[in-house]
Amino acid sequence: MKILSPLDSLEEVAPLAAAGAGEFFCGVLEEEWYGKYPVISINRRPAGKGHFRRFADLKAAADAAHDKGIPVYYTVNEHYYIEAQYPLIKKYIDGALEAAVDALIVSDFGLIAWLEENGYDIPLHISTGGTVFNRRSALFYKELGIQNITFPRHLDIDELQDLTAGMPDIETTAFILNSRCINVDGYCTFQHGLAGKEIFPMFRNACMLPFEVQIMTSGNPAQQMSAPGHSLMLDRQKVWEKVHVDDHPCGACALYEFREMGIGSVKVVGRGNPTERKAGDVAFLKELIDMLENEQPDRAAFRAHARKRYQETYDRSCRMHMCYYPRVMTDE
Amino acid sequence: MDQALFISKRENLSYFTPDFTRIYFGQEFCERLMPGAKDLAEVLAFADEQGVGFSLVTPYVTNKGLDALEKLLPMLAERRPDAEVVCNDWGVLHLLRSDYPVLVPVLGRLLNKNKRGPRIMNIIDKVPPETRDYFVGTNLDVPAAAGFLKKRGVYRVEFDNLLQGLDLDKADPEIHKSLYLPFAFVSTTRFCLTANCDSAEGADYVGIMPCGRECKEYTFGMANPVMGMPLIRKGNTLFFINETIPEVVNKGGVDRVVIQPEIPI
């Protein structure tokens, strides 16, 4: 099982490789795109940190990664593109191919079709935006020639076990650390924002905003329910404000099951994070995967070790709302 | 102009009037809320009596949901071989194509990824024209995208009534377009916060959990100033209301209006 790590610069290749990254994913955002589309990304990350700024820099990083035997996957995974964007998209794809990236991470069926029509011969990976919740979806993408699927965050361990047991022969990736989105990425139509309290609310991820919540008896806002005793429900609705705050959400306990399922790689979210954090995340997972593969612990022993290492690494206890696969906290 | 009534429960056939030429029945957002065979049979019988078209609306599904759907489709294919199936999951489209080619696939609004967040209205007049074109546009203006759908038998795509407007002038004319009124979906989750919302147990649990169909009882209004309008959380999905008939209807850009008298959860 490999660790799929974010990569933002040439300088990050060595420390992330040393920490145990087995694959990199990255994106490019140049001024020309930003000038036309300041609030729309080409790759699900709007302006700001987390992008290579020049294709020459991407090429240098890809060369350095390849020297270490690590493939580099390139994100062009916005949910849809319109025709007017394609001249720029072509430039972005051609630039990535010249940089010798190893695969494109895509989501839009229009782009997948366009790549085929235009004779591009490069492996395609389906982003979590591709919403593979069932065996038929996996087959749908397999028949399109897709090589790898990143699962949605919104499958529990039992569902992943069921799904991977009946999948066609296709590589798989599952989320493991950071940015536990409350909504299904591929079915979320908010314009993607940024995390962080310093971000102006207009451009912050919509799911991170504090909402004033009211209970209604029907879809009609005028029919608000005012009976007492509903604080429980209101509190429950506001839980989501705590989820996508990037307070180290983690699914490391599920590595045990992922290994049994044959999941090929686990994804660390975090383009734009400081290098030290990325390296720390990767090293945390690498030690756990090494333990699984070398010591073959039983599940309880592995869970206990993963939780201990989480607390030591991130200086916080496991919390239900920060657990990517919360069944692992209730199954013992 | 085709006018369809969209209901997610059989009892809502009471909204039917002779103005409607088609009935949409089913569920887009939660596989647990898919209709059973009995309800489907009754709604099909009603559609037959009224002499109107029928579209089964299907959600995104896990393997479990896929299995449940496979119990409905044989009856639909036998009873109404001309029926449409609105697909909000690529796996469901794959299933139709391979096992039920007689049924007519429609691309649901969840697979139509237009940006819908109401915050767009704060900036739509300030962004560069290229960005505005993106927000009101569709990938159906990309010949490869339209060809992809047509190759798979999809000649109709469902649209929400975007606050920022919808420009379908460049979209492939061979693909028919439907417009949903007045509820537009914004986002959906399987970490349903309505599930067990009236129970203290699991109040801090954010994940996929069993539920008591609390969505049938509770609806939540959610307000934040930057949204410019309240969002509505019904079950696992966020909606907004847009009752304004958009220009695209009068321009002939859509040939079917899908009326939702209630939030379709």
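Residues numbered from 1 in each chain as written. Chains lettered and ligands numbered in written order. Predicted model: local features only at pLDDT ≥ 70, side-chain atom pairs only at ≥ 80, totals over all residues. Heavy atoms only, no water.

*Asks:* Can you walk me through the sheet that holds strand β9 (residues 219–223) of chain B in this structure?
*Replies:* Pairing between the strands of a sheet comes from backbone hydrogen bonds, and it takes one of two forms, parallel or antiparallel. One open sheet accounts for five strands, arranged β8(A)-β9(B)-β10(B)-β11(B)-β8(B); its pairing is antiparallel. A single partner strand is all that each edge strand has here, and the edge strands are β8 (212–216) of chain A together with β8 (183–188) of chain B. In this sheet, neighbouring strand axes are inclined to one another by 30° on average, regardless of whether the strands run parallel or antiparallel. Examined bridge by bridge, strand β10 (residues 231–234) of chain B and strand β11 (residues 237–241) of chain B share three bridges and lie antiparallel to one another. Paired with R233 of chain B across the two strands is L238 of chain B, which belongs to β11 of chain B. (Pairing = 2+ DSSP bridges. Helix = DSSP H or I, 4+ residues; strand = E, 2+ residues; numbered from the N terminus. Axes fitted to C-alpha atoms, helices over the stretch in contact; angles between N-to-C directions.)

*Asks:* Please explain helix α6 (residues 143–151) of chain B as it appears in this structure.
*Replies:* Quick reminder: α-helices carry 3.6 residues per turn. Residues three or four places apart thus point the same way. Taken together, the buried positions of α6 of chain B are A144, A145, A146, F148, L149 and K150 of chain B. Buried residues along α6 of chain B sit in contact with α5 (109–117) and α6 (135–143) of chain A together with α3 (90–99), β5 (104–107) and β6 (156–160) of chain B. In the stretch just after α6 of chain B, G153 of chain B is the one whose phi turns positive, near 80°. (Buried < 20%, exposed > 50% of the residue type's maximum accessible area, 1.4 Å probe, protein only. Contact = heavy atoms within 4.5 Å.)

*Asks:* Mind showing me how you'd approach the side chain of K267 of chain A here?
*Replies:* You can see K267 of chain A is positioned in strand β9 (residues 265–268). Although K267 of chain A is buried, it forms no salt bridge, and the closest oppositely charged side chain is D185 of chain A at an N-O distance of 7.6 Å. (Lys, Arg positive; Asp, Glu negative; His and termini not counted. Salt bridge = Lys/Arg side-chain N within 4 Å of Asp/Glu carboxyl O.)

*Asks:* What is the right way to look at the environment of G207 of chain B in this model?
*Replies:* For G207 of chain B, the position within the fold is in the loop between β8 and β9. Sequence spacing of G207 of chain B and I259 of chain B is 52 residues, and the spatial spacing of their C-alpha atoms is 32 Å. Those residues in contact with G207 of chain B, other than ones at most four positions away along the chain, are R180 and P326 of chain A together with R190, F191 and C192 of chain B.

*Asks:* Would you mind showing me how to read the side chain of S8 of chain B here?
*Replies:* Turning to its location among the elements, S8 of chain B is positioned in the loop between β1 (2–7) and β2 (22–26). Not counting chain neighbours up to four residues away, the residues in contact with S8 of chain B comprise F25, G26, Q27, I263, P264 and I265 of chain B.

*Asks:* Help me out: how do you make sense of the pairing of β11 of chain B in this one?
*Replies:* Residue and element names in this part refer to chain B. Of all five residues making up β11, four are buried, and the element is well covered by its neighbours. Note: β8 against β11, five bridges, orientation antiparallel. Opposite S187, over in β11, you have L238 as the bridge partner. Where β10 folds back on β11, the antiparallel hairpin that results is connected by two residues, among which G235 adopts a positive phi of roughly 60°.

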